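Fold and contact review
Residue strings, one per chain:
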Amino acid sequence: MISLLVIGPALAVAGCTGGGTASSWNGTVPGVSGSTSQNPAAAGGAPRSGTPICAQKILISPYSYDGAPGTFTTSGANPGLPTFGSRGTDFPDAQKIIVVPAGDNSGAASAGDYQVARTIVYFEPGVHELTNSMYTGNHSYYIGGYSKQAGKAVINGVNGGNGSFASKPSSGNAVYNTWEYLTIENFASTVNNAVLGNINSNYGNGQDDGDVYRYDTIGPNEYGYNGGNAPRTGESNGGGYAINVGNDTTIAYNCLTQDAQGAFNGSSVVNVSIVHNEISRNGLGEYPDSEGPGGSQFGCGCSGGGKLFYSVNATVDYNYVHDNYNVGIWFDFLNSGADISYNYISSNWSAGIQYEASYNARIADNTLVGNSWPSDGPWPAGVKGGDCNTVTCTQGGGIIAGSYGNPQAAIYVANSGGNASFGPIKVPNGVTVPGCASDCEVASRYSGHLWITGNQLINNFGGVSVYTDTNRYPGDIDHDASCATPLGALQETNDTLYYQQGTFLQDSNNDATISGDQVTTHSGLMALCDDYGKPPQSGPANDVDAVKAPVVGMAVFNLSTGDFLGTVTSVASPHSFTLSKSPGDASGAGLLLSAYGGCGPADYVGGGPGIKSGKPAAYYWDNCMLGSRNVTVSHNTFSINANVVKGCTAANDCGFQQLIAFNAGVPTLMQFFDSYANLIGKSAQGLGNAWMDNTYTWTGPGQWSFEAGLQGTHVSQSQWRGAPYDQDANSAFS
């Protein structure tokens, strides 16, 4: 089998993406004025402008005590402190308050003095230095004070220091701490880790459940750990996120700014609320997160405003998301039920919103302005001045995507869509679900639908892209999603028919010899997932390359021809087995062996949309593959002024709507998925994807452009709206 590098729109996003310089444009919608503190709505409910949080009065603490430190058990005895201990007080379930004076608190923090339960830890106004880790407890409140003389309470990591924050849960990952009115800055972390929200490794692992962050400034935290050396800082420093997000986490009314990788990161979480925040200038630590000579060594396609994986029913609403060094809001891999609404998203290096390899969502009433081009000033150059692909990184993701021949979108939906097959989603034990003590389940919102509606997209480099890469499905032979769990929100097996089938093997070195019913392979058969041979429905697995022996009963296919060769009847070794028939002698063959059941490759063969296949017969084609289906794009406003959007030319692929599939490099065996390219663009008798009732305007040279069907198939507006696509019924163009 020949391996091909597939460069699709996703790689353009995972490439150069970033944030801008100090604000030179306030990002307000041209021709719309007025503002309130609650994200005012324009027509259709989308906000007219972003609501600033950073450096605003809302972040000033109402608590002003700046007196003697110590531990107090009587509420109200010291004016200016939070009250506690009874109904009607600030923190009714707290039992005492610890007052921490400004200065160097490193010793107390690392000794565990703040690792307490049901306690207020009050940081007096002024700067609190931490050069070691701060150990925190559970069900406690970490609160900052304010005075005109000393200012806010600032917890300062001192040039990256040597620590972060680590919690002791009450059980499992149950932490449920509250952080309010604090500035937390100058801490270091590593890629895909975070400054806050971490379980102390002495008591478990992962992220805190139940934390609340309100009225905080978290950032700048532009430092990446560098072994025993001084932390790296600035561009491409390899730092992590501000907050690790666990279940039942609330992040509201915060300034989340200049954090190395992003503002937030969460995986396998339910009941997350991220609302009314200003999320800005995050992601420099992995910038440019890109291919090309200027790309960061820490680039991972995982930076920007913030990111969630495997989540259920997460809410990301009413935020002001701007000037981030990659995607603004990014849901990546097996999320379901997301609500992304009423956000003002402007001047991000790449897409404003990306919903990738996920299910069931509502993306509604957002305003997206000036994304994917330097609308707020030039972006930084690449590492050592190098380019992103063949284009300077300073121009933003739009032109860079165009250099690959892949138009950039403001809202990018990749391998995602509505799926009604989601039944109840299992919630892992230990996660709190109101009204449920054990064996809890939660239902996905928006089942069977992915709605993109009521959004205003103004002067972005592109419109909406709905895209499917047909290499990306559980059980694929290119490791893209080989070991993932289909319908696998919360990384749980949520269906008895469609589950991760790890019992499959591959010989992709084209060195198998078939003689009669005997098969030998020099390099051996390779398992791609580390759950090979384990019982079915055991959950997600990790990628691995390990030589394994086949199992009797596995189906055997020729990757290059797609032919079924028979089943395994006996096994001598990982290099030799016997078939149930003699398919014809051959040498230099590439093989794929798969058990039946779940979402193993054997079950895909013969399938198609609405067509059963496999053993037992089921709709594997519809439910195992991560594809874009049942996406409705309606009642949106798309507006571009090509005289304003820098580089907005046809040569740079500016101004596209896309409804496409990409299938280059798919082995012959798997090319029955090619029908995606034939069906994805049809509003009727296709895959349920439909544009309708939208409004388009274009000013200056050029016009709105369209791609439908197979990626790279440019169609005119009349072709887009006519048979066989029939898109944008009742839409208006001017």
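Treat the numbers as computed from the prediction; the structure is a model and nothing was measured.

1. Focus: the overall build of the chain
The helix and strand tally for the chain stands at seven helices and 55 strands. Overall, the C-alpha framework of the chain stretches about 90 × 65 × 50 Å when taken along its three principal axes. The buried share of the chain, reckoned over its 734 residues, is 60%. Contacts in the chain between residues at least 24 apart in sequence constitute 70% of all its contacts with a sequence separation of at least 6. Looking at the chain as shown, the accessible area adds up to about 24,500 Å², and 49% of this sits on carbon and sulfur atoms.

2. Some points on the sheet that holds strand β6 (residues 134-136)
For sheets, the rule is that strands pair by backbone hydrogen bonds, running either parallel or antiparallel. Sheet architecture is open: three strands sit in the order β6-β10-β14, paired in parallel fashion. Edge positions in the open sheet fall to β6 and β14 (198-199), since each of these has one partner strand only. Where β6 and strand β10 (residues 165-167) come together, three bridges link them in parallel fashion. The residue of β10 that forms the bridge with Thr-136 is Ser-167.

3. Here's the deal with the pairing of strand β44 (residues 555-558)
Side chains Ala-555 and Phe-557 of β44 all project onto a buried face; the interleaved residues Val-556 and Asn-558 project onto the opposite face, where all are buried too. Sheet topology places β44 next to strand β45 (residues 564-573); three bridges connect them, and they run antiparallel. Note that in β45 the partner of Val-556 across the bridge is Gly-566. Between the antiparallel neighbours β44 and β45 lie five residues, among them Gly-562 with a positive phi of about 85°. Bridge count between β44 and strand β47 (residues 586-594): four bridges; the pairing is antiparallel. Within β47, the position partnered with Asn-558 by the bridge is Leu-591.

4. Looking at the environment of Cys-255
Turning to its location among the elements, Cys-255 is positioned in strand β21 (residues 255-257). When the C-alpha positions of Cys-255 and Ala-443 are compared, they lie 32 Å apart, and in sequence the two are 188 residues distant. Setting aside residues up to four positions removed in sequence, Cys-255 forms contacts with Ile-53, Cys-54, Leu-59, Asp-216, Thr-217, Ile-218 and Glu-278.

5. Side note on the state of the cysteines
If you walk through the whole model with that rule in mind, you get six disulfides. Between the sulfur atoms of Cys-300 and its disulfide mate Cys-302 the distance is 1.6 Å. Since a negative S-S torsion denotes a left-handed disulfide, the Cys-300-Cys-302 link at about -40° is left-handed. Paired by a disulfide, Cys-388 and Cys-393 hold their sulfur atoms 2.1 Å apart. Given an S-S torsion of about 105°, the disulfide between Cys-388 and Cys-393 has right-handed geometry. Given a relative accessible area of 0%, Cys-388 falls into the buried group.

6. A few points about the packing of aromatic side chains
Evaluated as defined, the whole model comprises 31 aromatic pairs. Look at Phe-165 and Trp-179: their rings are 5.6 Å apart centre to centre, the planes differ by 85°, and that puts the pair in the edge-to-face class. Highlighted residues: Phe-165 in strand β10 and Trp-179 in strand β11 (residues 178-180), separated in sequence by 14 residues. As far as burial versus exposure is concerned, Phe-165 and Trp-179 are alike and both buried. Their ring planes at 75° and their centres at 5.7 Å tell us that Tyr-696 and Trp-704 sit as a pair that is edge-to-face. Of the two residues, Tyr-696 and Trp-704, both sit in the buried class. Connected via pairs of aromatic rings, a cluster forms that spans Phe-638, Trp-691, Tyr-696, Trp-698, Trp-704, Phe-706, Trp-720 and Phe-733.

7. Details of the sheet that holds strand β39 (residues 464-469)
Read from one edge to the other, the open sheet built from eleven strands follows the order β13-β19-β22-β25-β28-β31-β34-β39-β50-β53-β54, with strand pairing classed as mixed. Taken across any chain shown, the strands that pair with only one partner, and hence form the sheet edges, are β13 (194-196) and β54 (714-715).

8. So, the side chain of Asp-495
In this structure, Asp-495 sits in the loop between β39 and β40 (504-515). Although Asp-495 is buried, it makes no salt bridge; Lys-426 carries the closest opposite charge, 9.8 Å away. Only 2.8 Å separates the side chain of Asp-495 from the backbone nitrogen of Leu-497, close enough to count as a polar contact.

9. Quick word on the pattern of salt bridges
According to the stated counting rule, one finds seven salt bridges in the structure shown. In this structure, Asp-323 engages Arg-281 in a salt bridge whose closest nitrogen and oxygen atoms are separated by 3.8 Å. Of this pair, Asp-323 sits in the loop between β27 (320-322) and β28 (329-332) while Arg-281 sits in the loop between β24 (278-280) and β25 (306-309), and the two are 42 residues apart along the sequence. Two residues, Lys-307 and Asp-332, come together in a salt bridge whose shortest N-O distance is 2.9 Å. With Lys-307 in strand β25 and Asp-332 in strand β28, this pair connects stretches of sequence that are 25 residues apart. Neither Lys-307 nor Asp-332 differs from the other in exposure class; each is buried. Each member of the salt-bridge network shares a partner with another, and the members are Asp-339, Arg-362 and Asp-365.

10. A closer look at the pairing of strand β4 (residues 119-123)
Where burial is concerned, most of β4 is hidden: five out of the five residues are buried. Alternating residues of β4 divide into Thr-119, Val-121 and Phe-123 and Ile-120 and Tyr-122, and every residue in both groups is buried. The pairing of strand β2 (residues 96-100) with β4 spans five bridges and is classified as parallel. Residue pairing for β4: Val-99 is matched across the bridge by Tyr-122.

11. With respect to the environment of Arg-118
Of note, Arg-118 is situated in the loop between α2 (106-111) and β4. Those residues in contact with Arg-118 that sit more than four places away from it in its chain are Asp-93, Ala-94, Gln-95, Lys-96, Asn-138, His-139 and Ser-140. A distance of 3.0 Å separates a polar atom in the side chain of Arg-118 from a polar atom in the side chain of Asp-93.

12. Details of the side chain of Asn-343
Mapped onto the fold, Asn-343 is located in the loop between β29 (336-341) and β30 (344-346). Polar side-chain contacts of Asn-343 include one of 3.2 Å to the backbone nitrogen of Tyr-318. At 2.8 Å, the side chain of Asn-343 and the backbone nitrogen of Asn-319 are in polar contact. Apart from the residues lying within four places of it in its own chain, the contact partners of Asn-343 are Pro-47, Val-316, Asp-317, Tyr-318, Asn-319, Ile-329, Asp-365, Asn-366 and Thr-367.

About the criteria used
- Residues numbered from 1 in each chain as written.
- Predicted model: local features only at pLDDT ≥ 70, side-chain atom pairs only at ≥ 80, totals over all residues.
- Heavy atoms only, no water.
- Helix = DSSP H or I, 4+ residues; strand = E, 2+ residues; numbered from the N terminus.
- Buried < 20%, exposed > 50% of the residue type's maximum accessible area, 1.4 Å probe, protein only.
- Contact = heavy atoms within 4.5 Å.
- Areas by Shrake-Rupley, 256 points an atom, 1.4 Å probe, with all protein chains shown as cover.
- Pairing = 2+ DSSP bridges.
- Disulfide = S-S within 2.5 Å.
- Phe/Tyr/Trp six-rings, centres within 6.5 Å; stacked < 30°, edge-to-face > 60°.
- Lys, Arg positive; Asp, Glu negative; His and termini not counted.
- Salt bridge = Lys/Arg side-chain N within 4 Å of Asp/Glu carboxyl O.
- Polar contact = N/O pair within 3.5 Å; in protein donor to acceptor, adjacent residues only side chain to side chain.

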